[in-house]
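Chain residues, written in single-letter form:
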Amino acid sequence: MLNFVARRLGQSAVLVLIMSALVFVGMYVVSDPVAVLAGEDFTEEDRVALAQELGVDRPLILQYAAFLGNVVRGDFGTSFVYNRPVLELILERLPATLEVAFFAMFIGLVVGIPLGVYSGLNQKKPATKVISFSTTVGYSIPNFWQGVLLIMLFSVWLQVLPASGRGDTTQIFGVGWSIFSLDGLSHLMLPALNLAIYTICLQARLARSGTQEVMYQDYMTFARAKGISRERIVRRHLVRNILIPIVTITGLQLGGLIAFATVTETVFSWPGIGKLLLDSIHNSDRPVVVAYLILITLMFVTINFVVDVLYALLDPRIRYT
Amino acid sequence: MSDRLIEVEDLTIAYPMADGEVFRAIDNFSMSVNRGQIVGVVGESGAGKSTIGKATLGLLDENAVIDTGGVSLDKVMVTQLEEHAFTDIRGNKIGYIYQNPMTALNPVLTIGEQMIEAIEANTDKRGAAARAYAIHLLEQAEVPQAEDRLSKYPHQLSGGLCQRIVFAIAISAKPDLIIADEPTTALDVTVQKAVLDTLVKLTRQENIAIILITHDMGVVAEMCDYVYVLRHGKLVEEGPTAQVLKHPTQPYSRELMAAIPRIDQKVERFAVPGGLGQAEDRQRAIQYLMSRKAEAGEAGAPLLSVRNLSKTFTTKATALKAASAFKAVSDVSFDVMPGETLGIVGESGSGKSTVGRMILGLHTPDPGYEIRYRGRDVNELTSRAEKLAHRQSLQCIFQDPYSSLNPRMTAGDNITYALRAHGTIDRGEARQLAGDLMELVGLPRASARKMPHAFSGGERQRIGIARALSFRPDFIFCDEPTSALDVTVQAELLNLMKDLQDQLGLTLLFVSHDLAVVRQMCDRVMVMKSGEVVEAGACDKVLVAPDHPYTQGLLDAMPRFRPEDAA
Amino acid sequence: MPADATTTDVDSALKAEAQEPSFAQKFWKVFRGHPAALAGLIGIIVFVLLAIFAPVIAPQDPYDQTQLDILDGLLPPGSQLWDGTPSVLGTDALGRDILSAVLYGLRISLFVALVAVIVGSAIGVFMGLLAAMKGGWVETVIMRTVDLKMSFPGILLALMVLAVFGTGIDKVIIALIIGAWASEARLVRAVALSELKKEYIDAARLAGLSDWRIMGRFLFPNSISPVLVVLPMSISGAIGAEATLSFLGVGVPITEPSLGLLIANGNDYILSGKWWISLFPGLVLVGLVLCINVVADRLRDHANPYLRGKD
């Protein structure tokens, strides 16, 4: 296990390094920050001075080394737009994104898996047809348009839920949370639902196909032949087996939710890191974009690692060495 | 009769098919089982024998329809029961033993969990008592270190042990009947014998009846009191085992008995019908095959000479597994004379196939070996043409007919694609050759245009033989060519191979786990165990009076098919 | 090895009766008894025809600025433009007829998605086959690149590509290709690796065939079906992704609006009650994606051995 952890950490470090290099080259070299930042009235001298100030006159490898050195010390640079340290900006907004992503994931798992198992077990029931058609519709509606529809329905017509912002936040551990106040929760509902609908559909489909697959395995027939009750067969033999693929996908999904939060946050003006990213792309605020991508990579690497460990705990056939 | 346990009456089970037709898996079948009796249900694939067991336990596929008749247990018609009523029967009155023990046990639950849930469902033992009973059962099923096994997962145990655990679960509620569906098919022969002995011992103790579903006449001969022979869902013949084996009255049963290879006597040909192709086409094919540029080596020199052949398989470290090394073959040396058949026998994992694959060049042996073919070291072949000629001169007949043909090419293209790709023959010649070779192996030449999936397993093996022959090889490695086939199909195929060898003077290396098949096919035999040759010599010697205890063990474990001895 | 223990009696009997069906028969088999899938298929055909004949059907050329009149702006559905053209679905703020804009937008959306998925899948299939066939460092390089790509959600990757290269139809296609190839490569490699273990590949090697021939004539045709099965899903995914990028303002340019950009344009007017600008492009987008997904589901279920013959 220790060996495995060490190897995985090594692989993760390489991954983060490659990602940072790609992002760095993409952001600082392929497109020229001087051209972006320089005003209309800049003279050639001004441009050279700006290049020196930004450090982009040096060889690429040195620039990257300097950048990495700063990153290791926790310095991702300063935002062009906000004129504040990038890390601070991102960390300030991260809780909002995590809050909506985890809440959506929770809804997705709690609703999606039972729906999927039910429809996998009862393939011919009418409810199954309804579930399977609804999930197809659910994931066919692009996330952003779903958001638009939710706003039309709940904010414009029914006027029961607010369409934008975080509402009241409660300070816990120095971080603001929406979920602990009624107003905050009402603001959280639509963005979370927006992200959750896709998750519900995905988890339901996964659980359904997993169930269908496991149902025809020999050990399920043998479990029936042993004379144990159907309820127990489902609870013990089936669910343990379908959890294995679900855990993997859930890990990937969590990453996907954080990524898709960019869309949801834009639609609902939710002040998370996704909205920050898009604003920064539009404003050519490169340090923020670079820092966001590197931090996100780190986050995904961590999630993947946790998934692998969970995987080993669930599936006795896998033993890391 | 008071001891009548199971009565199957006029049972017909049908499956609706996609094209609207109905497929009858079991057709108007009747049988009965008395308490404590061991009854065999034998037949080849497609006979519908598994369906009978599943119907008795209510485990038929959802789309199966019971058209007529039914199965009664103690005079209760079980085939009409609802699903929930079956929980009283399953495990309780009838135990079930599955074909493949490795897939019958749930991979993510421990042995203990799986045993105890069955015990708690079918007996009044709970908690610690159930656990103690589970250990007791495992000991009865002769599972060593019974207590430790409870915390293990199925993949940590061997197939034989898993099957013993399945036995233990099946007898846990002391049922009246056990349905054993091919209980040893997935096991090696030495394990098979011991596992069956345990099963008989356990059931005799408790006077439990067995319905033994199998394709293996040897197993039937050794175990069963009474036997039913099925074909295509219909009963062909029934009777006391000895009577059916000794004096089969129906043509199909006779053919079946004649097709079984016997370890104790060698026959020239199996007495099964075998269609020969059109004489003219066969003759043309044989002419083509005989026209190979035979560089006859020195008289009396071996065609193939192998020295110090070893193979270590290493796996690289991945995220999930550490690197490992496994010695599949160690230090094997032998010669094969032109025109002879050398057999290699051994259990799975003995390295017998790996030897052949190294000779073919599909695996690279560990350094320090020497393979000489027609007197030349194969590593000294330098030019492209020489290498290609060498490669094509050694061919293979593969084990699995369902994967040995390219499913996206017609049978004819499968046979001649490579020759055309190398520019050896043109399109017209290829069509001619494919047709001739198809006839040679006993298939109509017109069927060369069909895709592989339109052929049965035996027919696909014939196409595989035609493909191997298309290169006009001198040496053919036969890698368990009949192990996936039914016994009558096997007999036909072995007949074909003998005929071809006689006509073409081919040299064969014949690998099999089945000693009786090797006895029929080979002149000399090597016995392999864990990558090493433990004994080698003439078949008549090694397979009759072996020197090595391992070979003796193999021979003793073989289910004997000797109808004349049957009581 | 013992006899083929996995083939049940019924299976082998069915196998023996199998005959080579024609393409039309196979096709019909997939959709027979599945009205939803059939409706999806018809829907796809209709959408594709609408896209192809958009210039003929559309009452207005939405790209032609000279045809637009700001006085026609924000007309509700069922109005008439000043030149008398009926505007069935209303107009946007620039006076652009929504029906025309949707038809042209459909064209752009379909074009971008199809090109991206076809090119991306082709690259993915080739890379997957190459990795499986060659092994060694070739495989390591390809698969580590795939891992790198897969460890990153597609939408973020596309955002990054567009942030670097700027926006435009060509850039969006590139971004989607970069997003598309990796999963296909992984899928094909997995299938190809299991095919490579089969004996017909050994037979091809014994015949002295080159790696390229084995790859082309043996591996490729036998590894391609899972990709074909997921292809519709990839296309609907790409349509959604393009729409999302355009909605976020980093996709296609405003002069050639796709469905996503049309929705985004209308989004600003939702709160003021001008619902038609956003709703109609949205409905067409969802209708198209839904039709493709229904067909894709059917194909996938049909390809799933656990479900075959059970429904």
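Residues numbered from 1 in each chain as written. Chains lettered and ligands numbered in written order. Predicted model: local features only at pLDDT ≥ 70, side-chain atom pairs only at ≥ 80, totals over all residues.

(A) Spatial organisation of the overall build of chain C. Scanning chain C for helices and strands turns up 13 helices and two strands. Principal-axis analysis of the C-alpha atoms gives chain C an extent of 80 × 45 × 30 Å. The buried share of chain C, reckoned over its 311 residues, is 47%. A separation of at least 24 residues holds for 68% of the contacts in chain C among residues at least 6 apart in sequence. (Helix = DSSP H or I, 4+ residues; strand = E, 2+ residues; numbered from the N terminus. Buried ≥ 20, exposed ≤ 12 C-beta atoms within 10 Å, placed from the backbone. Contact = placed C-beta atoms within 7 Å.)

(B) Quick look at the overall build of chain B. A count of helical and extended segments in chain B gives 21 helices and 20 strands. For chain B, whose C-alpha radius of gyration is 26 Å, the value lies close to the compact-globule estimate of 24 Å for 567 residues. Here the C-alpha coordinates of chain B stretch approximately 75 × 50 × 50 Å along the principal axes. Taking all contacts inside chain B whose residues are at least 6 apart in sequence as the whole, residues at least 24 apart take part in 71%. (Rg over C-alpha atoms; globule rule 2.2 N^0.38 Å.)

(C) Region of the structure containing the sheet that holds strand β5 (residues 76-77) of chain B. Residues and elements named next belong to chain B. Strand order in the open sheet made by the four strands is β2-β1-β4-β5, with antiparallel pairing throughout. Each edge of the sheet is formed by a strand with only one pairing partner; in this case those strands are β2 (22-34) and β5. Where strand β4 (residues 65-73) lies against β5, two bridges are found, and the strand directions are antiparallel. If you follow Ser72 over to β5, its bridge partner there is Met77. Set on the sheet, helix α1 (residues 49-56) makes contact with β1 (4-16), β2 and β4; between it and β1 the angle comes to about 115 degrees. (Pairing = 2+ DSSP bridges. Axes fitted to C-alpha atoms, helices over the stretch in contact; angles between N-to-C directions.)

(D) Just the interface of chain A and chain C, in detail. Taken together, the 39 residues of chain A in the interface contact 36 residues of chain C. Looking at the side of chain A that touches chain C, the elements with two or more residues in it are α1 (2-30), α6 (126-140), α7 (143-157), α8 (182-215), α10 (230-268), α11 (273-282) and α12 (286-314) of chain A. Residues belonging to the side of chain A that touches chain C are distributed by class as follows: 25 nonpolar, 13 polar and one charged. (Nonpolar A, V, L, I, M, F, W, Y, C, P; charged D, E, K, R; others polar.)

(E) Representation of the sheet that holds strand β10 (residues 234-240) of chain B within the structure. All names here are of chain B. Within the open sheet, the six strands sit side by side as β6-β7-β8-β3-β9-β10. Their pairing is mixed. Where the open sheet ends on each side, the last strands, each with one partner, are β6 (94-97) and β10. Geometrically, the sheet is characterised by an average inter-axis angle of 15 degrees between neighbouring strands, direction not taken into account. Of the strand pairs in this sheet, strand β3 (residues 38-42) and strand β9 (residues 226-231) are connected by four bridges, and their pairing is parallel. Counted as the bridge partner of Val41 is Tyr228 from β9.

(F) Spotlight on the pairing of strand β19 (residues 524-529) of chain B. All names here are of chain B. Of all six residues that make up β19, five are buried, and the element is covered over most of its length. The pairing of strand β13 (residues 341-345) with β19 spans four bridges and is classified as parallel. Bridge pairing in β19 places Val345 opposite Val527. Pairing analysis gives six bridges linking β19 to strand β20 (residues 532-538), with the strands arranged antiparallel. Among the inter-strand pairings, Met526 is bridged to a residue of β20, identified as Ala536. The turn joining β19 and β20, which pair antiparallel and follow one another in sequence, is formed by two residues; a positive phi near 50 degrees is taken by Ser530.

(G) Just the packing of helix α11 (residues 225-247) of chain C against helix α13 (residues 276-303) of chain C, in detail. All names here are of chain C. Running from N to C, α11 and α13 cross one another at 160 degrees; their axes reach a closest spacing of 9 Å. One way to sum up the angle between α11 and α13 is to call them roughly antiparallel. Both α11 and α13 take part in a crossing whose hand is left-handed. Across from Ser225, Val229, Pro232, Met233, Ile235, Ser236, Ile239, Gly240 and Ala243 in α11, the residues of α13 making contact are Leu285, Leu288, Val289, Ile292, Asn293, Val295, Ala296, Leu299, Arg300 and Ala303. Across the contact of α11 with α13, the residue classes tally to 14 nonpolar, four polar and one charged. (Parallel < 35°, antiparallel > 145°, perpendicular 65-115°, else oblique. Left-handed = near helix turned anticlockwise from the far one by under 90°.)

(H) Local environment of the pairing of β1(B). All names here are of chain B. Inspection of the sheet shows β1 paired to β2 by nine bridges, in the antiparallel sense. Residue Arg4 lies in a different strand from β2, and its bridge partner there is Asn34. Taken together, the seven bridges between β1 and β4 define a ladder with antiparallel strand orientation. Bridging across to β4, Ile13 finds its partner in Ile66.

(I) Looking closely at the packing of α6(A) against α13(C). The interhelical angle for the contact between α6(A) and α13(C), taken along N-to-C directions, is 130 degrees, at an axis separation of 9 Å. Viewed along their axes, α6(A) and α13(C) adopt a mutual orientation that is oblique. Crossing of α6(A) over α13(C) shows right-handed handedness. Across from Thr136(A), Val137(A) and Ser140(A) in α6(A), the residues of α13(C) making contact are Val286(C), Val289(C), Leu290(C), Asn293(C), Val294(C) and Asp297(C). When its residues are assigned to classes, the contact of α6(A) with α13(C) shows five nonpolar, three polar and one charged.

(J) Broad picture of helix α4 (residues 60-72) of chain A. Residue and element names in this part refer to chain A. For α4, spanning 13 residues, the distance from its first C-alpha to its last is 18 Å, which sits close to the expected 18 Å at 1.5 Å a residue. Little of α4 sits inside the fold, with one of its 13 residues counted as buried. Of the residues flanking the end of α4, it is Gly74, one or two places downstream, whose phi is positive at about 85 degrees. (Expected span 1.5 Å × (residues − 1).)

(K) Here's a closer look at unusual backbone geometry. Residues and elements named next belong to chain B. Positive phi values are uncommon outside glycine, yet Arg472 reaches one of about 50 degrees. Along the polypeptide, Arg472 turns up in the loop between α17 (457-470) and β17 (475-479). Taking the number of C-beta atoms within 10 Å as the measure of exposure, Arg472 has 18 and is therefore partly exposed. A positive phi angle is found at Ser530, which is not glycine, with a value near 50 degrees. Here Ser530 is to be found in the loop between β19 and β20.

(L) Geometry of the environment of Leu310(A). All names here are of chain A. Relative to the helices and strands, Leu310 is located in helix α12. Judged by the 16 C-beta atoms lying within 10 Å of it, Leu310 falls in the partly exposed class. Each C-alpha atom of the pair Leu310 and Ile244 lies 8.8 Å from the other, and the pair is 66 residues apart in sequence.

(M) View of the confidence of the model for chain C. All names here are of chain C. Across chain C, pLDDT averages 82, with 90% of residues at or above 70. For chain C, the element scoring lowest by mean pLDDT is helix α1 (residues 9-17), at 41; helix α9 (residues 199-206) scores highest, at 95. A low-confidence stretch, residues 1-19 stays under pLDDT 50, and its non-local contacts, those more than four residues away or across chains, total 41 contacts. Here the prediction assigns the complex a pTM of 0.84, and the interface score ipTM is 0.85. (pLDDT = per-residue confidence, 0-100.)

(N) View of the environment of Ser393(B). Residues and elements named next belong to chain B. Within the secondary structure, Ser393 is located in helix α14 (residues 384-393). Considered as a pair, Ser393 and Ile111 are 282 residues apart in the sequence and their alpha carbons are 51 Å apart. If near-sequence neighbours (up to four positions away) are discounted, Ser393 is found in contact with Pro473, Asp474 and Phe475.

(O) Expanded view of the environment of His422(B). Residues and elements named next belong to chain B. Relative to the assigned elements, His422 resides in the loop between α15 (411-421) and α16 (427-440). With 16 C-beta atoms counted inside 10 Å, the residue His422 sits in the partly exposed group. For the pair formed by His422 and Met223, sequence separation is 199 residues and the distance between their alpha carbons is 55 Å.

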